[in-house]
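Remarks on the overall topology
Each chain, letter by letter, is given below.
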Amino acid sequence: MPNPSIKNEDQYQALRDQGYSKEKAARIANTNEAGEKGGEAKPYEERTKEELYQQAKKVGIEGRSDMSKKELIDALRNH
């Protein structure tokens, strides 16, 4: 049964099938870009600290305001 709080149910289910937790799959499926296809994303190293901060904010990384650029990259990769 579809969950009305999930913006992109197909993406959510695909992530769950890949072994993501319910919480992480929901966070990813509920981002503004959920399910969009298209352009290539720049590697984290080519993004500004502000861009990384905003991405960390979107996915709910705690403590992001005190992180360096490298710490933001590590947090985003391991979140």
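Criteria and cut-off values
Residues numbered from 1 in each chain as written. Predicted model: local features only at pLDDT ≥ 70, side-chain atom pairs only at ≥ 80, totals over all residues. Heavy atoms only, no water. Buried < 20%, exposed > 50% of the residue type's maximum accessible area, 1.4 Å probe, protein only. Helix = DSSP H or I, 4+ residues; strand = E, 2+ residues; numbered from the N terminus. Arc of directions from axis to C-beta. Contact = heavy atoms within 4.5 Å. Salt bridge = Lys/Arg side-chain N within 4 Å of Asp/Glu carboxyl O.

Among all positions in helix α3 (residues 49–59), only Leu52, Ala56 and Val59 are buried. Relative to the axis of α3, the buried residues are bounded by an arc of 70° and lie together on one face. In this fold, the buried residues of α3 make contact with α2 (22–29) and α4 (69–78). Immediately downstream of α3, the backbone of Gly60 shows phi near 80°, a positive value.

A few words on the pattern of salt bridges. As enumerated under the stated definition, the model contains 4 salt bridges in all. The salt bridge involving Arg77 is made with Glu45; its shortest N-O contact spans 3.0 Å. A residue pair is termed long-range when its members are at least 10 positions apart, and Arg77 in helix α4 and Glu45 in the loop between α2 and α3 qualify at 32 residues.

Distances and angles like these do not, on their own, reveal function.
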